[in-house]
Amino acid sequence: MTSTAVRVDTAPAAGLQRRRRSLGWLAVVPLLAFTALAFGLPAMAMLDGAFTVKDPATGATSYTAGNLTASLRGAYLTALLGSVKLSAVSAGLAALLGLPLAQAVVTSRHRALREAVLTASGVLANFGGVPLAFAFVATLGNAGVLTRQFGLTDQGWDLYSFWGLVIVYLYFLIPLMVLTITPALEGLRSQWREAAQNNGATSAQYWRHVALPVLLPSLLGGLVLLFGSAFAAYATAAAMVGSSIPLVTLQIADALSGNVLVGQENVALALSLDMVLVAGLVMAVYLPLQRRSARWLA
């Protein structure tokens, strides 16, 4: 009799819980609709165009892999590899420079300084495009303030080069690394350092055998995130170097503006698909690393 009463009492509660779940799904519908319109339709149009070729004589369209093949040859392949190289170098340097800066922020006893650095990092990580390019041109360009003051041109300095573009990218990648790795550094428990010191370990040994292995998933995840951010950047490079440095984003812009051969108008969409595939690979690496890091530092 007691068990029957329990079943009678819990049945309305279970039904109420199911109704709440159904209402929760209804609340997500607007977001799903927006995602489908803002991302789904453009993605489908890009996918369709990447495999479509138009005959310039008859105007007939046909499906083929010719656009993708063209996007992986010649100048297009050079631009894709140039973007990968620029993104990898920039992300690696930003990770190396951002980690000690984030550690200094975490261990700082001055709360105001810490909040100021994190706030500035949040602003600078989203500062890019033409304003960033103009700031560097005015400062380190051929006629920039620091270039003339220190005679950098006579010493071989050139802002409009590969390494000049790397320095510009570091301006927003280092703050992004600080924001990415700071939560992981805060998750390092003081008991681990104390246990290492009690067993005679030096600070270097603690970082080598304890801290860095724990932080490795977060470091790799941050590196992948930085790579993706640099790989997708366009406006800064376009305003600074134009087409003097081959980058896939600049090639896409040239193709969209009509600077392609007749019959290759959809090569830009194929290049965009190449970028989407690289971004998908980046996310496929980043998400497992993020989950693994969360297990260690929770």
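Here, every reference points to the structure presented above.
A short tour of the structure in this document, coming up. (Residues numbered from 1 in each chain as written. Predicted model: local features only at pLDDT ≥ 70, side-chain atom pairs only at ≥ 80, totals over all residues. Heavy atoms only, no water.)

**Quick look at empty space enclosed by the protein**
Moving on, step 1. Summed over the entire model, instances satisfying the criterion amount to one cavity of 30 Å³ or more.
Moving on, step 2. Around the largest cavity, the lining residues are Ser83, Leu86, Ser87, Tyr169, Ala230, Phe231, Ala233, Leu247 and Thr249.
Moving on, step 3. Sorting the residues of the lining of the largest cavity by element identifies helix H3 (74-107) and helix H9 (203-232) as the ones contributing at least two each.
Moving on, step 4. Grouping the amino acids of the lining of the largest cavity by side-chain chemistry returns six nonpolar, three polar and no charged. (1 Å grid on protein atoms, 1.4 Å probe; cavity = no way out; pocket = protein on both sides within 12 Å on 5 of 7 lines; lining within 4 Å. Points joined across faces, edges and corners; volume = space filled by probe spheres on them. Helix = DSSP H or I, 4+ residues; strand = E, 2+ residues; numbered from the N terminus. Nonpolar A, V, L, I, M, F, W, Y, C, P; charged D, E, K, R; others polar.)

**Some thoughts on the pattern of salt bridges**
Moving on, step 1. Going through the model one piece at a time under the given rule, you end up with two salt bridges.
Moving on, step 2. Linking Arg114 and Glu186 is a salt bridge whose minimum nitrogen-to-oxygen distance equals 1.9 Å. Of this pair, Arg114 sits in helix H4 (residues 111-124) while Glu186 sits in helix H7 (residues 162-186), and the two are 72 residues apart along the sequence.
Moving on, step 3. Classification of Arg114 as partly exposed rests on a relative accessible area of 25%.
Moving on, step 4. Given a relative accessible area of 40%, Glu186 falls into the partly exposed group. (Salt bridge = Lys/Arg side-chain N within 4 Å of Asp/Glu carboxyl O. Buried < 20%, exposed > 50% of the residue type's maximum accessible area, 1.4 Å probe, protein only.)

**Considering the packing of helix H8 (residues 190-198) against H9**
Moving on, step 1. Two elements in contact, H8 and H9, have axes separated by 10 Å at closest approach and are oriented at 140°. For the element pair H8 / H9, the angle class is oblique. Crossing handedness for the pair H8 and H9: right-handed. For the pair H8 and H9, contact is made by Trp192, Arg193 and Ala196 and by Ser203, Tyr206, Trp207, Val210 and Val214, respectively. (Axes fitted to C-alpha atoms, helices over the stretch in contact; angles between N-to-C directions. Parallel < 35°, antiparallel > 145°, perpendicular 65-115°, else oblique. Left-handed = near helix turned anticlockwise from the far one by under 90°. Contact = heavy atoms within 4.5 Å.)

**A closer look at the side chain of Ser71**
Moving on, step 1. Relative to the helices and strands, Ser71 is located in helix H2 (residues 66-71).
Moving on, step 2. When sequence neighbours within four positions are dropped, the list of residues in contact with Ser71 reads Tyr76, Leu77, Ala270, Leu271 and Asp274.

**Comments concerning the packing of aromatic side chains**
Moving on, step 1. Inspection of every chain in the model, using the stated rule, returns six aromatic pairs.
Moving on, step 2. Ring geometry for Phe162 and Trp163: centres 5.4 Å apart, planes at 85°, overall edge-to-face.
Moving on, step 3. Judged by relative accessible area, which is 51%, Trp163 ranks as exposed.
Moving on, step 4. Three or more aromatic residues joined by ring pairs make a cluster, and in this case those are Phe127, Phe136 and Tyr171.
Moving on, step 5. Lying across the ring of Phe162, Lys85 places its NZ or CZ 4.9 Å from the centre. (Phe/Tyr/Trp six-rings, centres within 6.5 Å; stacked < 30°, edge-to-face > 60°. Lys NZ or Arg CZ within 6 Å of the ring centre and 35° of its normal.)

**Brief notes about H7**
Moving on, step 1. An ideal rise of 1.5 Å per residue puts 36 Å on 25 residues; H7 measures up with 35 Å between its terminal C-alpha atoms.
Moving on, step 2. At Leu170, H7 is deflected by roughly 40°, the largest bend along its length.
Moving on, step 3. By the criterion of burial, H7 is predominantly enclosed, with 18 of the 25 residues buried. (Expected span 1.5 Å × (residues − 1). Bend = angle between axes of the 7 residues up to and from the residue.)

**A closer look at the nonpolar core**
Moving on, step 1. Grouped together as the largest cluster of nonpolar side chains are 61 residues, with contacts concentrated most on Leu165, Tyr169, Ile181, Leu185, Leu188 and Leu226.
Moving on, step 2. Residue contributions to this core peak at 15 residues, all from H7.
Moving on, step 3. Apart from residues lying up to four places away in sequence, Leu165 is in contact with Leu86, Leu159, Ala237, Met240, Val241, Ile245 and Leu247.
Moving on, step 4. Among the nonpolar cores identified, the runner-up in size contains five residues, and Met46, Ala50, Leu68 and Leu273 belong to it. (Core = buried A, V, L, I, M, F, W, Y, C linked by side-chain atoms within 4.5 Å.)

By themselves these figures say nothing about function.
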